[in-house]
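Residue strings, one per chain:
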Amino acid sequence: MSELFQEAVIISILAGTFRVMTPILFAAIGELVTQRAGIWNMGVEGTMIMGAFTSYMVATTTGSLYLAVLAGIFSGMIMGLITAFMIATVRVDHFITGLGLNLLVGGLTLFWFRLYTGGGYAPTFTSLGNFPIPILSSIPIIGDIFFKQKLLTYVAFLSVPAVWYFLYRTRWGLEIRCLGENPKALDIKGLNVVLRQYVAILIGSSFTGLGGAFLMLAFSDRFQPDLTAGKGWLAIVAIIAGKWLPKGVFIAVLVFAFLGSVAVHVQILDIDIPYQIFLALPYLASIILLIGLRKRISQPAKLGVPYFR
Amino acid sequence: MIRVERRIEVNNSWVIIMYLSACIVGFLLTSLLLWLSGADISKAFYALYKGSMSNQKTILNSLSKATPLILTGLATVVAFRAQVWSIGQEGQVYSGAMSAYMASLMFYGLPVWIYLSLIITFGALGGALLGALSAVLKNRFNVNEIISTVMLNYIIIFFLSYMVGGGPWTGVGDQALIYSQSNPVDDTAKLPFLFDSKKLHFGFVLAIVSVLVCHVLINHTPFGYEIRAMGHNSVALKYRGTNTKKTLLYLMILSGAIAGLAGVSEIFGTNHSLRGDTLVGLGFTGIIVGMIGGLTPIGTLVAGVVFGGLASGSVYMKIIAKVPGTLVPTMEGIFLLTFLIAGVASHYKIVGFKRDV
Amino acid sequence: MLQSTILKTNQLSKYFPGVIANENVDFLLYKGEVHCLFGENGAGKSTLCSCLFGYHKPDSGRIELDGKLVKFRSPGDAIKCGIGMVHQHFVLVDDFTVLENIIVGTNSEKWTLDLEKSENELRSICHEYEIDLKFNSLVRDLSVGEQQWVEILKSLYLDAEILILDEPTAVLTPEESKKLFNIIGKMSKNGISIILISHKISEVMQADRVSVMSKGKLINTISPKDTTPQELTNMMVGREVTLRVKENKDIKTTTSSKPLLSVKKLNYLNKYKKFALNNVDLELRSGEILGLAGVSGNGQKELFDALSGNLVPDSGTIIYDGEEIQGKSSRYYMDLGIGLIPDDRYREGLIGDFSISENTILGWQRDQKYNKNYFLNHKYIKKFAEDLIKQFNVIAPNATVPVNYLSGGNAQKVILAREFSHSNKILLANQPTRGLDLGIIEYVYEQIKLKREEGFAILLASEELEDLINICDRISVISDGEIRGTVVAQSTSIQEIGLLMTGQVETVT
C-alpha cells in the first residue's frame, strides 16, 4: 500500500487521471449540449463503443491514426442521426431509444469484430503517442503531469470553455438552452424545433464518438468487446453531478478519472488489495455523489419530454 | 421533416400488420448481414432451424436456453410497465446467483427438497435485495433508476469477479483459475432435470410459474392496477391516495426476485458452478425479450422461447454454415429496433411530409 | 372615416380529427381597430387565430394580408408579415431573463448575442407604452401581468402590425386588466390592429367591432354600439338564453354553524421561497358552498393540495371533526370522505390511457367493494362504471374506451361521478368548469348544488366571479396566498370582490 505514495507513482496517477479523463470528458461535454437541449441521449455508451470500434477498424486497415480519429467522429454522427431520427422525428421515448441503441450496438460491434478477425488474432496498430508541449513540459513534476499528454487530451480540455462559450455567449447556444427549458417558445416564434434537436444530438454524439476513438487509440493496441466498461454511463452521471454546467461536469469527470487512474495503478503495482475494489470505485462514487445531491437537482425543465406540437 | 400525430383509435389489424412487418424486415436485415459476411443464407437459416426445433433434443435445449431469458424478460416487464426503467436485471442475475451459491454452502447437508428450496429462495432474495436498493435510492434520494441500476450492475459484477477470481469462493485447480469459477456445486444442489433430458431443468418450471404469476398479478390485482397506472400517469395515482413509493419498492423487489431466479437457474440448473461468463448478457437480453414481447408476460414467454431457439440454433449455425455465433445478439438488436418502430407505428401515424415541422 | 382592410379570410375552414373547428369563415380586420372575437369554448376562435398566426394550416379558403394572398407554412412566416400572437397560456422560459425571452431566436445577423442593441430597442418600446420592466429579471420572479407584458413585447420587438390576444384577461386581476386595455388603446392609436379573443361580454362591449363565432362558423360581425349584450349572447349560443346576471338566490338549506373542516394559519413557502400560502384561515361548513375567488396562481392550487393530503404545509393546522390532519397522506383524506375535483383534470384526476371503468375506481382499487379474494372484480367494476355513465350522462360508446377518447366535458363528468360516489362529507372543486361548454357548466353546477343539499361542505374555486356569486353562500377572496376577505354572496358584488383582490378594501371577515 505504501508503494502508492511514492513520488513517481503519484505523478503517474495524476498524469494518468488526465489521460483517463479525456474520453469521458469528450462524451460528457458533448452530451451536456444534448441534455441542455432537453434530450436524454442514453445511447452514450453505445456511441462510444461504435466510435472505438470504427476507429479501430480504420486504424488497422489504413494505418492512419488521423483517419481513425475522423472515423470515430463520423460514426458518432451516424449514431447521432439514428438517435435523432428516433427521438426528434418519430418521438420515441428518450430512454427506450438510447437503451435500445446500446443493446443493438453492443451486438453489432461484437458481430463485426468476430467477422473482422475471423476468430483468429485481432490486428493491432500503434497507439497514439504523446504530444509534449514545448518548454512547459520541461517543468519538473508539473510538466510531467500536465504537459506530456496526448494532443486530443489538450483538445478535450479546451472543449470545456468552448462549449461554455457556445452555450452562453452565442445566439445558437441561447436557442439550444431554450429547447431544454421550453421548446414551444421557439416553435411559436416560427423556429424549427426538430432541426435544432438534430443539431444538439449530432454535436453530442460526435463528441462522444471522438471520445470512443480516443479510448481505443490511446489506451491499447487492439479492440476488446468490453472496452468502454461503463464509461459512457459515467459521462451521464457526471452531467447530473455537475448540475448541467460545464464547470461542474469537468469537476465530476475529474473525480471519476482520478479514481479510475488509481485503480489502474493498483492493478499494475500488484498491491495486496483486490483490484476489483478500485475498479468499482468510480461507480460507487457516482451513486454516493447522486445521493448527496438529492433535491438540489437543477435539470433543464423539459429534459426527457418529447415535444409534440 | 415528418409530422406525426398520436392515433386516436388503435386498430387491431393494423397493429398485427405492423408487428408482422417488423418480423419480416428483421429477417430481411438479418439476411443482408449474412450476405455481407459471405455466408450461405439458406444454409444459415436451415442450421438455425435444425439446432432449435428439429427434434426433441433440440427443442428441450431451446427451452433450457429460454429459461433465464423468460425470467429476465419478466423482470423487465414488471418494471417497464410502471415506466421504471430498471436496467438492473444483469446485476440482479449475478446477485441471485451469488446468494444462491452462498445458501448452497451454508445449508449443505439438509434434506434435498429443503436444500433446493432454500437455494431458490435465497437466489430470489439476492436479486430482490438489489432491486430494493435501487428503489430506496430513488424514493429517498431521487436517484434516477437507470443510473443506479447500471452502477450497481458494475459493482456486483466486480464483486463476483473478486469472489471467484482470487477471493474466498475461488475454485481449486487449474480450470478454476483460468475460467474464474467456483468449485462445482454438489449433486444435491443441482436442479432436477425434466423429461429425462440432460438439459431442461426445473428452472423452466420456475419460469412458467413466474409467467402465470405475473400475468395474473398485472391484470387482475390491485397491485397490478397500480403498476400499470404508474406507467401511464403516476401523478394521478399519487394524487388519489396511492403510496407510489411503496408501489415502486414492491415492484422492484418483485422484478429483482424474478431476475435472481434466472441466476439460480443458470448456476444450479445449467452450469453447476458459479462463474461470471455464463451469466453475462442474460439481463440485457432479457430487456430485449421483454420489449419484443410487448411488455406482457405471455408475449415475453413467446419471445423468450424464440430467443432460446436462436441461441440453441446458433451453435449449429457456427458449425454448419460457419456463421459467427455473434450473429445472434445482432439479430436480437435488429429485431428490437424493428419491433420498437412497429410499436410506435401502431400508436402514431404519419400525418404529412412537410418542409417545416 | 374610411377604414382600410388589413387582413381578411375568405371561406376559411379547418378540420381536426372528428371535429369541424372552422367552417367557411369570412373574417375582416380593419387597420388600427380593436376587433373582438366572441364565442363559447370550442366555438373556433382559437383555431381561426392559430391559422392566422401560421401555427396551423387551413384546410381550405384563403388569407389575404393587405390585399395580397398569403400562405403561412409556420409562425415564422406570419411573424415576418407582421402578425404576432399572445397566447392564453404563456410560452416563456421561467429561468431566462425578460431580455433573453424576447430576443431568443430573433437576431439573425451575428452569432454572438448583442444584448445592448436589443436593450435599447426594447427601452424605447417600453417607454412608448408605459411598460415598466427590468430586463434582467427572471421571468419566474414576475407577476402574471408582467409576464403578459413580456409576451406582448415579444411581438412589438419584431414590429408587429397585427396583434392577436387570446383571452388575455383570464389571468389578470381587474386592476391589471385595466392597465392592459390602456396598452391596447395606445397600440390601436399607433395603427396596430388588435384581434381580441374573449368570452367576457364586458370586454366585448369595449371593442370597435365584434365577430361572434359559434360551432366553427362566424355568425355575424357588428359594432357593439349597434347591439346589446343580450343580443350578442343569443347570437353566440344560437338561441334565447338568459344571461347569467345576479339572479335571486336559491332557498338556502340550514347550515350548521360549527365548521366541519377548519384551516388555521396555514403557511407554505414554494420552491422559489415565496409565500404560496400566507396565514390562510378558512372554514368549511356542512350544507354550504364556500367560494374561493381569485385568478389562478394565487395559492388555490397549494390550498387544494393541502386540503386533499397532497401537500405538507410548513405551519398551521387543518382540523377535521376535532382532529388535526395536516400533513397526512392523500389516502387518509380520501378515507375521511373528502372528494377532490382537481383543476388539472388529465394530469391529476384521470389516467388517460385507462378505460372509463378503471378510472371510476382510481384510488379505490384496493377497496373490498371492487375485489373478490384479493383479485379485482372486473365484472362488478364494469357494471359500476356503466351505472355511473348512465347516471351522469357521459357520452361514450361504452365503459371500456380510454378516457382520452372523451371530450373534456365528459372526462370531467367521469371525475365527478367517481368523486361523488366515494366521498360523503366534503367536496373540493378547483376550477371545475374551466374550458367546458355552457351546457356542461350548468350540469356541473347543478350537481354541486345537489351535494350541498345532501349536507356536503363544499369549497369551490373559480375565476368566474359571476358564477361564484350565483352559486356560493360565502366567498373568500385569495390573492398572493392570502385570504383578503370573506363575504356573503348574497350581499356582495363583482366590484367588491375585485377590490378585495387588489387589497383596496379593508379585509372583511
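Now for a look at the structure at hand. (Residues numbered from 1 in each chain as written. Chains lettered and ligands numbered in written order. Predicted model: local features only at pLDDT ≥ 70, side-chain atom pairs only at ≥ 80, totals over all residues. Heavy atoms only, no water.)

**Notes on the interface of chain B and chain A**
Link 1 in the chain: At the interface, 41 residues of chain B touch 46 residues of chain A.
Link 2 in the chain: Carbon and sulfur atoms make up 82% of the surface buried where chain B meets chain A, a total of about 4,200 Å² over both sides.
Link 3 in the chain: Counting the contacts that link chain B with chain A gives zero salt bridges.
Link 4 in the chain: At the junction of chain B with chain A, the criterion picks out two residue pairs in polar contact (both at pLDDT 80 or more).
Link 5 in the chain: Counting only elements with at least two residues in the side of chain B that touches chain A, the list comes to strand E1 (2–6), helix H5 (112–141), helix H6 (145–164), helix H11 (282–292) and helix H13 (327–347) of chain B.
Link 6 in the chain: It is H6 of chain B that provides the largest number of residues to the side of chain B that touches chain A, a total of eleven residues.
Link 7 in the chain: Its residues assigned to classes, the side of chain B that touches chain A shows 33 nonpolar, eight polar and no charged. (Contact = heavy atoms within 4.5 Å. Buried area = accessible area lost by both parts, 1.4 Å probe. Salt bridge = Lys/Arg side-chain N within 4 Å of Asp/Glu carboxyl O. Polar contact = N/O pair within 3.5 Å; in protein donor to acceptor, adjacent residues only side chain to side chain. Helix = DSSP H or I, 4+ residues; strand = E, 2+ residues; numbered from the N terminus. Nonpolar A, V, L, I, M, F, W, Y, C, P; charged D, E, K, R; others polar.)

**Remarks on the pattern of salt bridges**
Side-chain pairs of opposite charge can arise where the charged atoms are in close proximity.
Link 1 in the chain: In this structure the tally under the stated criterion is 30 salt bridges over all chains.
Link 2 in the chain: Note that Glu 175 of chain A is salt-bridged to Arg 196 of chain A, the shortest N-O span being 2.6 Å. Residue Glu 175 of chain A is found in helix H7 (residues 171–181), and its partner Arg 196 of chain A is found in helix H9 (residues 193–219); the two are separated by 21 residues along the sequence.
Link 3 in the chain: Owing to a relative accessible area of 18%, Arg 196 of chain A belongs among the buried residues under this scheme.
Link 4 in the chain: Here Glu 64 of chain C ties to Arg 62 of chain C by a salt bridge, and the two come within 2.8 Å at their closest N and O atoms.
Link 5 in the chain: Taking relative accessible area as the criterion, Arg 62 of chain C reaches 37% and is therefore assigned partly exposed.
Link 6 in the chain: Counted as one network, the salt bridges with shared partners bring together Glu 283, Arg 285, Glu 288 and Arg 474 of chain C. (Buried < 20%, exposed > 50% of the residue type's maximum accessible area, 1.4 Å probe, protein only.)

**Side note on the side chain of Thr 149 of chain B**
Residues and elements named next belong to chain B.
Link 1 in the chain: For Thr 149, the position within the fold is in helix H6.
Link 2 in the chain: Overall, Thr 149 belongs to the buried group, its relative accessible area being 1%.
Link 3 in the chain: Residues in contact with Thr 149, not counting those within four places in the same chain, are Trp 85, Ser 86, Ile 87, Gly 88 and Ser 134.

**Overview of the sheet that holds strand E8 (residues 193–198) of chain C**
Residues and elements named next belong to chain C.
Link 1 in the chain: A sheet is described by the order of its strands in space; here six strands give the open sequence E6-E7-E8-E3-E9-E10, paired in mixed fashion. In this open sheet, the two edge strands, each paired with only one partner strand, are strand E6 (83–86) and strand E10 (217–222). The sheet shows a mean angle of 20° between the axes of neighbouring strands, direction not considered.
Link 2 in the chain: On top of the sheet, helix H1 (residues 45–52) reaches strand E3 (34–38), E6, strand E7 (162–166), E8 and strand E9 (209–214); it is set at about 150° to E8, its chief contact.
Link 3 in the chain: With respect to the sheet, helix H5 (residues 144–157) is in contact with E6 and E7, its orientation differing from that of E6 by roughly 170°. (Pairing = 2+ DSSP bridges. Axes fitted to C-alpha atoms, helices over the stretch in contact; angles between N-to-C directions.)

**Considerations on the pairing of E6 of chain C**
Side-chain positions along a regular strand alternate between the two faces of the sheet.
Residue and element names in this part refer to chain C.
Link 1 in the chain: With burial as the criterion, each face of E6 is covered, one bearing Ile 83 and Met 85 and the other bearing Gly 84 and Val 86.
Link 2 in the chain: As judged from the four bridges shared by E6 and E7, these two strands associate in the parallel manner. Across the sheet, the residue bridging to Gly 84 is Leu 163, located in E7.

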